[in-house]
Amino acid sequence: MELRHLRYFVAVAEERNFTRAAERLHIAQPPLSRQIQQLEDILEVPLFVRGSRPLDLTEAGRFLYGHAQQLLAQSNEIVSMTRRIGKITHKFNIGFVGSTLFGLLPEVVRRFRAAHPDTEVNLLEMTTMEQIAALKEGTIDVGIGRIRHEDANIRRIVLREEALIAALPMGHPLAFVDRGLFLRELVNDTLVVFPKSPRPSYADSVLAAFHDRGLAPVKVYEARELQVALGLVAAGIGVSVLPRSVLGLKRSDVVYKLLDEPHLTSPVIMSIRALDHSAAILSLLQVIYGLYRSEGIPHVQESL
């Protein structure tokens, strides 16, 4: 039994008339009749009640009709997907740390995909250190992270410096202060940092910001990732220091406060293989800088 048998059968079953089905299929009626007879011979059962006007399906015909529709729909989907995959000339994988997803990364990806419709763009969440390993292995083409990590095989491009904010639980005394906060005001709270591993990570950059100012939080709680850290803050476990783009993540149980600290930022860093000067990388940079300009975001532009 072939797919053409099923297509012919479905047409006759739906039209309930050989003549109309032949017209729908753009073939003559005699060949259509022979194809249906051939299908019945293969299945060894009649599919139509001969002599009925309009044509009625037998019980076996009704069973086949239901499943034939599904099979034909699946075959059409297979054809469509095969054609789409065949038109994809390149795959472009981007590794990213979770906090960048609340900034402009989604819009960057949308614009890049629009500029490269024949490229399949994939997003893979991973820490900065995981991105470095993935770049060397060829698993990803670009990494978007926050850690300044030196590696002779990896080129870092600082896209921008993002201000940091404090996340406080509802009812925290500092939540009612009508000004920016200082890190020294947070040292007596449990400091929730993320990710817990692998290290070094964004957690280490936050701890370094305290240590550089001669400060030491009374207690540090290491969370697995950003969402967990915010949940712990909401539960009153402690406070956290986050990139400002997290302001886009609205929560009714967390209060965000700006930090009035000079030079306290978290970089957004694009990492690529040192020798990768491909057109796709240059195009991605152009998309990013174009978006920054349209949004009025300060940045240091660098091209390949």
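The notes below deal with the structure included here. Every value quoted in this text rests on a predicted model; they were computed, and no experiment measured them.

1. So, empty space enclosed by the protein
Inspection of every chain in the model, using the stated rule, returns one cavity of 30 Å³ or more. By volume, the largest cavity amounts to about 180 Å³. Along its surface, the largest cavity is lined by 16 residues, and Leu104, Leu105, Ile144, Val268 and Tyr292 are the ones closest to its centre. Residue classes in the lining of the largest cavity are distributed as ten nonpolar, three polar and three charged.

2. A look at helix H9 (residues 279–295)
In this model, H9 (17 residues) spans 24 Å end to end at C-alpha, consistent with the 24 Å of a helix rising 1.5 Å per residue. All buried positions along H9 are accounted for by Ala280, Ile281, Ser283, Leu284, Leu285, Val287, Ile288, Tyr289, Leu291 and Tyr292. Its buried side turned inward, H9 meets strand E3 (90–96), helix H5 (105–115), strand E5 (142–145), strand E6 (154–169) and strand E11 (265–273). Taken from the residues just after H9, Gly296 is the one with a positive phi, measuring 70°.

3. Here we look at the packing of aromatic side chains
Here the structure, examined in full by the defined rule, presents four aromatic pairs. Judged by centre distance (5.1 Å) and plane angle (40°), the rings of Phe194 and Tyr202 are tilted. Residue classification places Phe194 among the buried positions, given a relative accessible area of 7%. These aromatic residues form a ring-pair network of at least three members: Phe9, Phe18 and Phe48. The cationic tip of Arg184 hangs over the ring face of Phe182; the distance from NZ or CZ to the ring centre is 4.4 Å.

4. Description of the pairing of strand E4 (residues 119–125)
The pairing of E3 with E4 spans seven bridges and is classified as parallel. Bridged to His90 within E4 is Thr119. Once the chain exits E3 it traverses H5 before rejoining the sheet at E4, and the crossover so formed is right-handed.

5. Topic: the pattern of salt bridges
For the coordinates displayed, the defined rule picks out 16 salt bridges. Here Glu161 makes a salt bridge to Arg148, at a shortest N to O gap of 2.4 Å. Note that Glu161 is positioned in strand E6 and Arg148 in the loop between E5 and E6, a separation of 13 residues in sequence. With a relative accessible area of 36%, Glu161 lands in the partly exposed category. Since its relative accessible area comes to 47%, Arg148 is described here as partly exposed. A single salt-bridge network, built from bridges that share partners, covers Glu14, Glu15, Arg20 and Arg24.

6. Section: H5
Of the residues making up H5, those classed as buried are Leu105, Val108, Val109 and Phe112. Down the axis of H5, the buried side of the element spans an arc of 95°, and every buried residue falls inside it. Turned more than 90 degrees from where H5 packs its buried face, Arg110 and Ala114 sit exposed. Among the structural elements, E3, E4 and H9 are those in contact with the buried residues of H5.

7. Points about unusual backbone geometry
Cis rather than trans, the peptide bond between Phe194 and Pro195 has omega equal to -10°. Along the chain, Pro195 falls in the loop between strand E7 (190–193) and helix H7 (202–212). The phi angle at Arg16 is positive, at roughly 60°, despite the residue not being glycine. The topology assignment puts Arg16 in the loop between helix H1 (3–15) and helix H2 (18–25). A relative accessible area of 34% places Arg16 in the partly exposed class. With a phi close to 65°, Glu44 is a non-glycine residue in the positive phi region. Its location among the elements puts Glu44 in the loop between helix H3 (29–43) and strand E1 (48–49).

8. Focus: the layout of surface pockets
Its boundaries defined by the atoms lining it, the largest pocket holds a volume of some 450 Å³. As for the largest pocket, its lining consists of 24 residues, of which Gly98, Glu125, Thr127, Pro195 and Glu225 are closest to the centre. Of all the elements in the fold, those that place two or more residues in the lining of the largest pocket are helix H6 (128–137) and helix H8 (226–234). When its residues are assigned to classes, the lining of the largest pocket shows eleven nonpolar, seven polar and six charged. Reported here for the second largest pocket is a volume of approximately 290 Å³. Listed by contribution, the elements that provide at least two residues to the lining of the second largest pocket are E6, H7 and E11. Considering every element that reaches the lining of the second largest pocket, the biggest residue donor is H7, with seven residues. Of the residues in the lining of the second largest pocket, the class split is nine nonpolar, five polar and six charged.

Cut-off values and rules
Residues numbered from 1 in each chain as written. Predicted model: local features only at pLDDT ≥ 70, side-chain atom pairs only at ≥ 80, totals over all residues. Heavy atoms only, no water. 1 Å grid on protein atoms, 1.4 Å probe; cavity = no way out; pocket = protein on both sides within 12 Å on 5 of 7 lines; lining within 4 Å. Points joined across faces, edges and corners; volume = space filled by probe spheres on them. Nonpolar A, V, L, I, M, F, W, Y, C, P; charged D, E, K, R; others polar. Helix = DSSP H or I, 4+ residues; strand = E, 2+ residues; numbered from the N terminus. Expected span 1.5 Å × (residues − 1). Buried < 20%, exposed > 50% of the residue type's maximum accessible area, 1.4 Å probe, protein only. Contact = heavy atoms within 4.5 Å. Phe/Tyr/Trp six-rings, centres within 6.5 Å; stacked < 30°, edge-to-face > 60°. Lys NZ or Arg CZ within 6 Å of the ring centre and 35° of its normal. Pairing = 2+ DSSP bridges. Right-handed = clockwise from strand over helix to strand, strands pointing away. Salt bridge = Lys/Arg side-chain N within 4 Å of Asp/Glu carboxyl O. Arc of directions from axis to C-beta.

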